[in-house]
Amino acid sequence: MRFSFAEGMTKAEYYAPLAQACEAAGYTSMTIADSLIFPKESDSKYPYTDTGDRHFLDGKEFIETMILCAHLFAVTETLRLTPFVLKLPIRPPVLTAKQASSLAFLSGNRLGLGVGISPWPEDFDALGVDWARRGKRMDECMDILRGLTTGEYFEYHGEFYDIEPLKQCPGATEKIPLLVGGHADAALRRAVRKGDGWMHAGGDPEELDRLLVRLAEIRKEEGDTRDDFEIHVISYDAYTLDGIKRLEDKGVTDAIVGFRVPYIMGPDTEPLQTKIDNLNRYAEDIISKVSL
């Protein structure tokens, strides 16, 4: 089992010391949230809270994901960073590929690129991207990322993107893992067909079990026998040693843990030292006792 620390929607100046503390404590990775805009008016629902309300996001300090990754890679040496998840189809895929390759190259291949489809039409509107057929657009973006990040000549001719042969240098010196987020059946299948893993966004434990069973079914249907397929989950089981064993038995490779509820109105008032104390305590109680 590997361990990822999740701390989103906090003060921007906290991220660097938190990343350094994670690295020192033995965490494998740290998740990086992605948010581009907050619309003043919207009737869209947030899919991962009970009420669907998203006003808790208003005023939160979101540094652009790839820029924050670059900053945190510069102050760490071994910590992996995992966008959780990058809203891929609203971004120009050639530019995103260049950013991802650059981050992987400069960090020594420490980028695990979580990708997903934004649930908010306003994101698509603000970036000038059509909301329709966003799943197909997502697939094409993943194809382009996969091809261009190799650093070799690549061309692509799809429904949304038409790219003549070109290359981007430097490419990543190892394959950048593409980890697909989302709970819909299409997202699970995309994770298997086009990705290197799946990222769970939280929720009811019984729902997680259903998703894991369905993911296993899809992998069997697709003939996927990869040993390095990553499964990242948020689960209360991650907070006990017995629970970690249960997750491992279900095929989970990465436990995402956090120590406060981030879905609150207003600024995060928890002190930085409290956050560091919490992540250190978990490392002592759980990570140090789990065989890696």
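Here the structure is shown first, and the text comes after it.
So, here's what we can say about the structure.

All right, on to the sheet that holds strand E8 (residues 178-181) then. Spatial ordering of the open sheet is given by E3-E2-E1-E11-E10-E9-E8-E5-E4, a layout of nine strands whose pairing is parallel. Edge strands, defined here as strands with exactly one partner in the open sheet, are strand E3 (80-83) and strand E4 (86-87). The sheet contacts of helix H6 (residues 185-193) involve E8 and strand E9 (197-199), and relative to E8 the element is tilted by about 170°.

Spanning 15 residues, helix H3 (residues 93-107) covers 21 Å between terminal C-alpha atoms, matching the ideal 21 Å at 1.5 Å per step. If you check which residues of H3 are buried, you get Pro93, Thr96, Ala97, Ala100, Ser101, Leu103, Ala104 and Ser107. For H3, the arc enclosing every buried residue in end-on projection is 165°, short of the 170-degree limit, so these residues lie on one face. The elements touched by buried residues of H3 are helix H2 (65-74), E4, strand E5 (113-116) and helix H5 (134-148). Positive phi shows up at Gly108, right after H3, with a value of about 75°.

Quick look at the packing of H2 against H3 now. Between two packed helices, what matters for the description is the angle formed by their axes and the separation of those axes. Relative to each other, H2 and H3 sit at 10°, their axes nearing to 10 Å. Put simply, H2 runs roughly parallel to H3. Contact with H2, carried on its side by Met66, Cys69, Ala70 and Phe73, involves Thr96, Gln99, Ala100, Leu103 and Ser107 of H3 and no other residues of that element. Here the contact of H2 with H3 is composed, by residue class, of six nonpolar, three polar and no charged.

Moving on: the pattern of salt bridges. By the definition in use, this model includes 30 salt bridges. Of the charged contacts, one joins Asp34 and Arg91 as a salt bridge, the two residues approaching to 3.0 Å between their closest N and O atoms. Note that Asp34 is positioned in the loop between strand E2 (29-32) and H2 and Arg91 in the loop between E4 and H3, a separation of 57 residues in sequence. Across the pair Glu64 and Arg91 runs a salt bridge, and its minimum N-O distance is 3.3 Å. With Glu64 in the loop between E2 and H2 and Arg91 in the loop between E4 and H3, the pair connects residues that are 27 residues apart, well separated along the chain. A relative accessible area of 23% places Glu64 in the partly exposed class.

Turning our eyes to something else, we now look at a nonpolar patch on the surface. On the surface, Val261, Tyr263 and Ile264 cluster together to form a nonpolar patch covering roughly 250 Å² of accessible area. Relative to the elements of secondary structure, Tyr263 occurs in the loop between strand E11 (254-257) and helix H9 (272-285). Relative accessible area serves as the criterion here: at 33%, Tyr263 is assigned to the partly exposed category.

Applying the stated criterion across every chain yields a total of 10 aromatic pairs. Aromatic side chains Phe3 and Tyr282 sit 5.9 Å apart centroid to centroid with 70° between the ring planes, which places their arrangement in the edge-to-face category. Taken together, the positions of Phe3 in strand E1 (residues 2-5) and Tyr282 in helix H9 put the pair 279 residues apart, joining distant regions of the chain. As far as the burial class goes, Phe3 and Tyr282 line up, both buried. Arranged with centres 6.3 Å apart and planes meeting at 25°, the rings of Tyr27 and Tyr282 form a pair that is stacked. One end of the pair, Tyr27, is in the loop between helix H1 (15-25) and E2; the other, Tyr282, is in helix H9, with 255 residues separating them in the sequence. Pair check on accessibility: Tyr27 and Tyr282 agree, each one buried. Put simply, the rings of Phe3, Phe5, Tyr27, Tyr239, Phe259 and Tyr282 touch in pairs and so form one group of aromatic residues. Positioned above the aromatic ring of Trp120, the side-chain terminus of Arg54 is 3.6 Å from the ring centre. The ring of Trp131 has Arg134 sitting right over it, with the charged end atom 3.6 Å from the ring centre.

Reading guide: rules and limits
Residues numbered from 1 in each chain as written. Predicted model: local features only at pLDDT ≥ 70, side-chain atom pairs only at ≥ 80, totals over all residues. Heavy atoms only, no water. Pairing = 2+ DSSP bridges. Helix = DSSP H or I, 4+ residues; strand = E, 2+ residues; numbered from the N terminus. Contact = heavy atoms within 4.5 Å. Axes fitted to C-alpha atoms, helices over the stretch in contact; angles between N-to-C directions. Expected span 1.5 Å × (residues − 1). Buried < 20%, exposed > 50% of the residue type's maximum accessible area, 1.4 Å probe, protein only. Arc of directions from axis to C-beta. Parallel < 35°, antiparallel > 145°, perpendicular 65-115°, else oblique. Nonpolar A, V, L, I, M, F, W, Y, C, P; charged D, E, K, R; others polar. Salt bridge = Lys/Arg side-chain N within 4 Å of Asp/Glu carboxyl O. Patch = residues over 30% accessible without salt bridge, like charges linked within 9 Å, V, L, I, M, F, W, Y side chains within 5 Å. Areas by Shrake-Rupley, 256 points an atom, 1.4 Å probe, with all protein chains shown as cover. Phe/Tyr/Trp six-rings, centres within 6.5 Å; stacked < 30°, edge-to-face > 60°. Lys NZ or Arg CZ within 6 Å of the ring centre and 35° of its normal.

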